[in-house]
Each structure stands twice: as C-alpha cells, then as structure tokens.
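The residues making up each chain are set out below.
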Amino acid sequence: MWYQTAVFYELYIRAYKDSNGDGRGDFRGAIEKLDHIQSLGVNAIWILPHYPSPLQDDGYDISDYYGVHPDYGSLDDFQTFLDAAHQRGLKVVIDIVLNHTSDQHPWFQAARRDKKSPYRDYYVWSDTGAEYPDARIIFLDTEPANWTYDELAGQYYWHRFYASQPDLNYDNPQVHAEMFRIMRFWLDLGVDGFRADAVPYLYEREGTNCENLPETHRFLQKVRRMMDVEYPDRVLIAEANQWPEDVLPYFGTPAAPEFHVCFHFPIMPRLFMALKKGDKTPIVDILNRTPPLPPGAQWMTFLRNHDELTLEMVTEEEREWMWQQYTPDPRMRLNLGIRRRLASLLDNDKRKWFLLHALFLSLPGAPIIYYGDEIGMGDNIQLPDRYGCRTPMQWDDGRNAGFSHAAETYLPVNADYQQINVAEQEADPDSYLNLLRFLLRTRQSEAALRQGDLDWVETGDTAVLAYTRRWQGRWVLCLYNLSGETRTLPGDFINASQPLHDLLHPGQTWQDNVRVCSNEPREWELAPFAAFWLAKEKSAD
Ligand code: NOJ
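Every value quoted in this text rests on a predicted model; they were computed, and no experiment measured them.

## A closer look at the sheet that holds strand β18 (residues 487-490)
Here we have three strands laid out as an open sheet, ordered β18-β21-β20, and antiparallel in their pairing. Each edge of the open sheet is held by one strand with a lone partner, namely β18 and β20 (515-516).

## Some thoughts on the sheet that holds strand β12 (residues 333-334)
Across the sheet, three strands lie side by side as β11-β13-β12; this open sheet has antiparallel pairing. In this open sheet, the two strands that pair with only one neighbour each are β11 (309-310) and β12.

## A closer look at the pairing of strand β2 (residues 44-47)
Because side chains alternate across β2, one face comprises the buried residues Ala-44 and Trp-46, and the other comprises Ile-45 and Ile-47, equally buried. Bridging between β2 and strand β3 (residues 91-97) involves four bridges; their strand directions are parallel. In the strand pairing of β3, Ile-45 is matched with Val-92. Of the crossover connections in this fold, the one passing from β2 over helix α4 (residues 75-87) to the parallel β3 is right-handed.

## Quick look at the site of the ligand
The local shell around the ligand holds 13 residues, among which Asp-57, Asp-197, His-306, Asp-307 and Arg-386 are the closest. In this structure, Asp-57 approaches the ligand through a side-chain N or O atom, which is 2.5 Å from an oxygen atom. Here an oxygen atom of the ligand sits 2.9 Å away from a polar atom, N or O, in the side chain of Arg-386. Burial of the ligand by the surrounding chains reaches 97%, relative to a free accessible area of 300 Å². Across the shell around the ligand, the residue classes break down as three nonpolar, three polar and seven charged.

## Digging into the side chain of Asp-103
The residue Asp-103 is located in the loop between β3 and α5 (106-113) in this model. Arg-112 provides the closest opposite charge to the buried, unpaired Asp-103, separated from it by 6.0 Å. Discounting residues that sit within four places of it in the chain, Asp-103 has contacts with Phe-108, Gln-109, Ser-164 and Pro-166.

## Here's the deal with the packing of helix α9 (residues 267-277) against helix α11 (residues 316-326)
Where α9 meets α11, the axes come as close as 11 Å, and the angle between the chain directions of the two elements is 60°. Both α9 and α11 take part in a crossing whose hand is left-handed. The segment α9 lies against α11, with Pro-269, Arg-270, Phe-272, Met-273, Lys-276 and Lys-277 engaging Glu-318, Trp-321, Met-322, Gln-325 and Tyr-326. Broken down by class, the residue content of the contact of α9 with α11 amounts to six nonpolar, one polar and four charged.

## Some details on the pattern of salt bridges
This model, assessed by the stated rule, comprises 33 salt bridges. A salt bridge links Lys-352 to Asp-347, with the shortest nitrogen-to-oxygen separation between them at 2.7 Å. One network of salt bridges, in which partners are shared, links Asp-57, Asp-58, Asp-307, Asp-385, Arg-386 and Arg-390.

So, how was this worked out
Residues numbered from 1 in each chain as written. Predicted model: local features only at pLDDT ≥ 70, side-chain atom pairs only at ≥ 80, totals over all residues. Heavy atoms only, no water. Pairing = 2+ DSSP bridges. Helix = DSSP H or I, 4+ residues; strand = E, 2+ residues; numbered from the N terminus. Buried < 20%, exposed > 50% of the residue type's maximum accessible area, 1.4 Å probe, protein only. Right-handed = clockwise from strand over helix to strand, strands pointing away. Near = heavy atom within 4 Å. Polar contact = N/O pair within 3.5 Å; in protein donor to acceptor, adjacent residues only side chain to side chain. Areas by Shrake-Rupley, 256 points an atom, 1.4 Å probe, with all protein chains shown as cover. Nonpolar A, V, L, I, M, F, W, Y, C, P; charged D, E, K, R; others polar. Lys, Arg positive; Asp, Glu negative; His and termini not counted. Salt bridge = Lys/Arg side-chain N within 4 Å of Asp/Glu carboxyl O. Contact = heavy atoms within 4.5 Å. Axes fitted to C-alpha atoms, helices over the stretch in contact; angles between N-to-C directions. Left-handed = near helix turned anticlockwise from the far one by under 90°.

Here is the structure:
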C-alpha cells in the first residue's frame, strides 16, 4: 500500500506562509509553497489540526469539527489546498482528535449548563473527582489532576490533557456516531486519511491506568471497518506513545485490523541517545524489542515533531541522562521531554545531521519530516510551552523571513533567519535542504531501503552500527560510525575485491572513501560520524 513506502512531511499551516498579511499562515499561503514540499521528494503531508479552535492547545482543542479555523481560511481554501496537493501527487492526511474537544465546543457548553441535556453524557463526570486514581497526568508541568471542577455543571469533568480539553465519553454510542459522521465528512472531501490523536485514552475503567483498554480497541476496529468498506486506500495513523509491544495491538489482527500505521515513539529518543553516547546499543535493543508487523502495516518514524522530544518511553535513568546531555538550560525541559529543534539538538553540526538522517531514512518504517528541519531551522526557548519549535518557516532573508508582510507575526521569527532560510540553501549543493533532497531521492530509488528486511551485521565495535536491508535479491549495507572519533573495522569486514558502490557518495565506491590502514592486519578506517549505504551495482544483480 502507498503509505508503507511513503515519506511524510509534517505541515503546520499557521507557520508556513501568510497569504493575507495577518501575520498567520493559511491554506492559500501553503498552496504557494506546495512546490517546495514536492521538491523535497516526499509523498504525503500530515497537517496539524486546522479546525476552529480557541487555541488553548494550538488546535488540539477543537470547537467545530466541520470547519476550518478562520485564521487558516475557508473550507473552500481547504479544498483548493487538497486538490492542489493531489495534482502534485501528494497525499494529505489530517489530524482527528477523538479523545477530547475544546471546552468551548457547543457540546460541552450545553453539557455543563444542563444535567438533562443530551450532551451531558458526551463527557465524563464525577461528584467527587476521586475516580481512576491510577491514570497518570500527561501535562505534568501544568495540570494538577485529570479531574477539574466545573461551577456551572456542579460536577468534576475528566480530561487527560489541559483542563480546557474535556474528554469525550466513549461509553455513549452517540459519541461514536458523531465521530463517524465527522470522519466521513472529511473523507468525502477527499482527504487521504487521519492521524488520530491520543488514541490510548478513549475509555476509562476503574482499577486500570485507563490506557489501551479493550473497549478502546473495539471502537478503533469499528473505525477501520468503516474505512475499509467505504474508503479503501485511505490511511489511519495512530498516535499511541507506548512501548512497541503495547503499540502492536493498535495494528489489530488480520481478522480485526485497527491502524495501518503507528508512530514508533521509543526509537526516537534512542537515536539521540546512541549518537550522543557513540554507542549503537539503544538502537539495536529497541529494534530487537519491536515485534514484526501484520501484513499491510507500517511504523512511522520521526526525529522531531511539533511537541517536546518525548522521554516517556525511556527508563528514569535514561531520561535523566538525556536531560543532562540535551538541556543545558533548564527552560529546554517540558513535562517529560525536551523542547528543542533538531538542528539545535545536534549542535548545528552538519555531520551529525547527515548521519542521523541517513540512519533514520534507512530504518524500517515510513519516515516523517517536521517542517523547518529540512533547512536545520533553530528554535526559541524564550517562548512558552512547545511554541519555541513552532515559529514561522524561514523562506528568505527578507521581512519576516518571507513568511508574512504583517507588522507582527503570530510568533516572532527566529533570529537566525538571515543565515538559515530556504532561498540561501537552494543555491548551495551541500546545504541541509539539498542534502535532504539527495537522501530522499536515493532512498526513493532503492526498494531495499524502503521496504527491505533488516538484518544486523556484526562490526565488533559498539560505536559502529551496521545492518542490511534486503528486498527481492537486492541489498544495501547501511554502516554508521556513531562516534565523533575515527573507528576501525577489520579488513575482512568487506571483501575488497568486490566493488561496492556508496549510494551516499554517488560515483564512488567504498574503497574510494575509506582509508585502509597501512599496518598489518589491514583495517578500514571510518571517519567520525561517517555514514555509508553500500550496494552492488544495479546491473550486477
Ligand atoms: C498529542 C499532540 O501531538 C499534542 O500536541 C497535543 O497537545 C495532545 N495530543 C493533546 O491533544
């Protein structure tokens, strides 16, 4: 299926391009920039929530599921954007927030005002706020509890995120019906699928941690059945920030499938851990712990996204270590994570950036790239919450980085925009932008990298990671020096009589790029942070 081998791009409409000079990005602006997205070589776009919202959680608090936020334009603009993306062969996946609404949603407004309203039962209420004590608090830095007392309602309501995001009551079949109506509405407009927000939390049950409950899975199976019957070829992507074995049930079974794609959360912090330690163990361990997928399913891999770099799926010790290493300023921490952008996390070191991308783009899964990371955009830790990583896209060195003509933009443009912008990087073949295009082109031209099986290759050095991806007789040997030091590999690691082409250095072979030590026995010398994708010449297959 298309999504199994696709590369995705995470698009934040507010940040991308302002077409009407109000200081906020919109769909018309994003249409102007579709050529840029297409030029990267991606296949699909995920757009962050575009619905009307009071923006207490940047749109993850929806007040109308059938509309478009007025800042972003109209439903017509949305449709024009969708059609324009489709004309370029780009699929478009939208966010769907199933778990909660905004407290400004008319359902909640009706529910809190009247116990007898049919909407009362759309939410989860309590007289005491004492139920479900085993459910953890997710927004630890701001929320004291998952229950909040509402004066108007005279009761507590349940919420897993901000208090302005009351959870819907999935024990009420009406809520299912509403969600099905909403999903059909957008599918009928032609969207290619949904990234479903916060799926583990749909149901609550006493005596559990209220995550991954069987009832939740049954609802999700119903959603998938509807999609399979009415909208085949669309995709359902799960945001379930869990261990691999707990995510597996979200793919369902061949008899009762759920999601086509699930984010692989635990691999992400381990890529950063491995790079900082110069040790492949965290990557090898988590991939060994990742169960095989049912047919037709895929992982979605990522380095960064619009949230903090989450450290929920590491041990406490590892979390402390990651904070020590990656948050020299305590303001860089948020909840159980790190609120920094990719290039800053990598000390703006292009060697690390290239290595990490080569690695991430050669792992099993459908990769997704966060807007701005294609040019190594920076962040702004002065801004609260996760906004420091959601600043305007940097197009050129003109006013507001070419994002907007307005006097003031929704968030300030990063100070580095005169050096770091798309226009500047277009001209430089070694820019982040052009390197990413090259990596994506190379990946796209190698079926083994897109869908091959992964087999570890022993290197005898914990700093040197190697594996093959194999697909229908074709293989690519992926080899990375994760450390900032020169490392050596035994001379017989690669048979020198066999010319292996280095896809990361076109026109060159492995032998051209790796120094052979003159001492005996011969050894191959790998430069700090070196990356290789080695393959036999295609015609030799
Ligand atoms: C996950 C989203 O990625 C995040 O931005 C949001 O705050 C929560 N879900 C709540 O919807």
